[in-house]
Amino acid sequence: MGYDFDFSFLASYAPDLWHGVWLTLGMTFVSIVPGFILGTSVALARLYGGRWLAGAATCYVEAIRNTPLIIQVFWLFFGLSVLQIYIGSFLAAVIALTINVGAYTAEIMRAGFQSIPKGQIEAADCLALGPVQTVVSIQLPQAVERVYPALVSQFVLMMLATSIMSQVSAEELTGVAYMIQSFTFRGFEVYLVIAVIYLAMATLLRLVLMGVAQVSFPRRRRLGTPL
Amino acid sequence: MTFTSPVLSPAAAPIFPAASMVAFRDVRKSFGAFEVLKGIDLDVGAGEVVALIGRSGSGKSTALRCVNGLEAINGGELTVCGRALHQGGTDLRELRKEVGIVFQSYNLFPHLTVEQNVTLAPRKVHRIGAAEARELAAEVLAQVGLSEKAQNYPEQLSGGQQQRVAIARSLAMRPKLMLFDEVTSALDPELTGEVLRTIEGLAASGMTMMLVTHEMAFAKSVADKIVFMHQGRIWETGDGGMLSSPQTAELQQFVGNGL
Ligand SMILES: Nc1ncnc2c1ncn2[C@@H]1O[C@H](COP(=O)(O)OP(=O)(O)OP(=O)(O)O)[C@@H](O)[C@H]1O
Ligand SMILES: [Mg+2]
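Here's a quick rundown of the structure. Starting afresh in each chain, residues are numbered from 1 along the sequence in its written order. Following the order in which they are written, the chains are lettered starting with A and the ligands numbered starting with 1. Whole-chain, interface and lining totals are the exception, using all residues; otherwise, since this is a predicted model, local features are given only for residues with pLDDT of at least 70 and side-chain atom pairs are given and counted only at 80 or more. The basis for every side-chain value is the complete set of non-hydrogen atoms in the structure, without hydrogens or water.

## Some details on the overall build of chain A
Part 1 of the argument: In terms of helices and strands, chain A carries nine helices and zero strands.
Part 2 of the argument: When the backbone C-alpha atoms are referred to their principal axes, chain A occupies close to 75 × 50 × 30 Å.
Part 3 of the argument: Summary of the burial criterion: residues with accessible area below 20% of their type's maximum are buried, those above 50% are exposed, and those between are partly exposed, where the area comes from a 1.4 Å probe applied to protein chains only. Counting all 227 residues of chain A, 46% fall into the buried class.
Part 4 of the argument: Across chain A, every contact between residues at least 6 apart in sequence was considered, and the portion connecting residues at least 24 apart equals 77%. A helix here means a DSSP run of H or I that spans at least four residues, while a strand means a run of E at least two residues long, and both kinds are numbered starting from the N terminus. Contacts are assigned to residue pairs with any non-hydrogen atoms lying within 4.5 Å of each other.

## Quick look at helix α2 (residues 50-65) of chain A
Residue and element names in this part refer to chain A.
Part 1 of the argument: Over its 16 residues, α2 runs 22 Å from end to end, which matches the ideal 22 Å to within 8%, given 1.5 Å per residue.
Part 2 of the argument: Ala-54, Ala-57, Tyr-60, Val-61 and Ile-64 are the residues of α2 that are buried. Along α2, the residues classed as buried sweep out an arc of 120° about the axis, all on the same side. Those residues of α2 that are exposed and aimed more than 90 degrees away from the buried face are Arg-51, Trp-52 and Cys-59.
Part 3 of the argument: Against the buried residues of α2 lie α1 (14-48), α3 (69-82) and α4 (89-114). By this rule, a helix spans an expected 1.5 Å times one less than how many residues it contains. Regarding the arc, it is the one traced by the directions from the helix axis to the C-beta atoms.

## Re the interface of chain A and chain B
Reports of interface size often rely on the accessible area that becomes lost once the parts have come together.
Part 1 of the argument: The interface of chain A with chain B comprises 21 residues on the first partner and 27 residues on the second.
Part 2 of the argument: Put simply, buried area is the surface a 1.4 Å probe can reach on two separate parts but cannot reach once they are joined, added for both. Interface of chain A and chain B: buried area, both sides summed, is about 2,100 Å²; carbon and sulfur atoms make up 61% of it.
Part 3 of the argument: Looking at the side of chain A facing chain B, the largest losses of area belong to Cys126(A), Leu127(A) and Arg219(A), adding up to 28% of the total buried there.
Part 4 of the argument: For this analysis, a salt bridge means a side-chain nitrogen from Lys or Arg found within 4 Å of a carboxyl oxygen belonging to Asp or Glu. Viewed at the interface, chain B and chain A are joined by two salt bridges.

## Describing the packing of aromatic side chains
Part 1 of the argument: Aromatic pairs are defined between Phe, Tyr and Trp rings, using the six-membered ring for Trp, whenever the two ring centres lie within 6.5 Å; interplanar angles under 30 degrees are classed as stacked, those over 60 as edge-to-face, and all others as tilted. Scanning the model with the defined rule gives eight aromatic pairs over all chains in all.
Part 2 of the argument: Between Phe228(B) and Phe254(B), the ring centres sit 5.4 Å apart and the planes meet at 40°, which makes this aromatic pair tilted. Within this pair, whereas Phe228(B) is found in strand β9 (residues 225-230), its partner Phe254(B) is found in helix α8 (residues 249-258), the two being separated by 26 residues in sequence.
Part 3 of the argument: Overall, Phe228(B) belongs to the buried group, its relative accessible area being 1%.
Part 4 of the argument: For Phe254(B), a relative accessible area of 11% puts it in the buried group.
Part 5 of the argument: An aromatic cluster is present here, built from Tyr3(A), Phe5(A) and Phe188(A) joined pairwise through their rings.
Part 6 of the argument: For a Lys NZ or an Arg CZ to count as sitting over a ring, it must be within 6 Å of the ring centre and within 35 degrees of the ring normal. In this structure, Arg51(A) is placed above the aromatic ring of Trp52(A), and the distance from its NZ or CZ to the ring centre is 5.7 Å.
Part 7 of the argument: Over the ring of Phe109(B) we find Arg169(B); its NZ or CZ atom is 4.6 Å from the centre of that ring.

## Here we look at the pairing of strand β3 (residues 49-54) of chain B
All names here are of chain B.
Part 1 of the argument: With respect to burial, β3 is a largely interior element, six of its six residues being buried.
Part 2 of the argument: Residue alternation in β3 divides its side chains into two sets, Val-49, Ala-51 and Ile-53 and Val-50, Leu-52 and Gly-54, and both sets are buried.
Part 3 of the argument: Bridge analysis of β3 against strand β8 (residues 208-212) gives four bridges, and the strand direction is parallel. If you follow Val-49 over to β8, its bridge partner there is Met-209.
Part 4 of the argument: A pair of strands is labelled paired if DSSP reports no fewer than 2 bridges between them. As paired elements, β3 and β9 share five bridges and run parallel to each other. Its bridge partner lying in β9, Leu-52 is registered against Val-227.

So yeah, pure geometry; function would need other evidence.
Structure, rendered in structure tokens:
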């Protein structure tokens, strides 16, 4: 074979790698909150929106879940540019990720809302709470708590999916890796290190989301119930 | 379907006595083609405690659920706290600010502490502040004997304690009328006693109540009026004495089996 493994050259690319890491994390964290809000709204629309709103929500969810993310982002980036609408690669990536994760979050949250016993909602009605108050104070906190592990997995998957964003020339981690590899022809070392960096970022994301859970679910904290 | 129950005489029912909190007039309720309430006439005066007894499926829960608008009636007239529910357009939220209900399954909010369960509706609906909410929780939890559990979560409580929290949660809305639907049916005898004592305390404080119960001794001791329902009709009405000297074969059979 005669191949000399060498990782030392990567040190000179450290600034590029850092840049890639920050862009990947940036896209991820910027997309999570709007994606969650969008998904939760769509779940509520499907459950309580009436025929038209629920129908529109269903179309959105099915359209997104049955087309590739890369086509969605190409459409936003290249497709809109044909119409003289230019959004940068970061914005295109964040919008695509938000819309994409929103559709999956909608299905997860819908299951969460449906898992709440009807008796609790009846009890809320009988206490003169309004529908919005019931959703906000009774249904939402419990739904999120019940599906939290599934949400975390979905957000981690979304972070890993940012690796295709180099296709719209966003210099996120995978894009940087490809560039280094093409300069150095050391694909073995480069992609091994990149894989480790993704692993570390995914772990970080899970830790952050678990921290959010600790703050958001005081009952779990008090009673020591694992998620 | 014109026969009427043998003992209840509609002529004896006064037309809307001034202090009447709940007035059923020939109330009918169907689920699809199945008529569950076949003409109910009943008055509940302010401060009165009325117990509904009867076999499974006789329509007790349905009658109770009509009172706070959980079920809409299909015929007759039903007036609750001065609101004519049969006329439609009743604001059910306004009605439910005055009428509390407690179910067999306590339906507490598991993600909230006892204190939060009790104060959620007063804070959201009556918009009371944090300090006032704390005082209110202390007051109603003391009333049901659970002051020391304010910071616990429902899953940390026994069934009887959870049911008493559910009662406190309703009381915190300061209702004029309380409805209880078999609130002890899910509890073993020991825990049943503590819940019944709580309700007796409420009765003594002058609360107007309608309660569905299978506890005959309790119905006899706490109720001013006992209503025996059979096949969607009020079959027999009376005070506690009615249980020891039933007028109808159906009630006789019911108490014979029940005790
Ligand atoms: N939502 C509903 N849809 C259809 N039928 C119903 C509904 N609710 C009640 N019923 C029927 O109406 C009848 C009376 O029910 P209800 O719950 O009022 O009885 P009950 O006297 O409270 O009985 P139990 O002692 O078992 O609680 C029953 O035959 C029941 O099956
Ligand atoms: Mg019942």
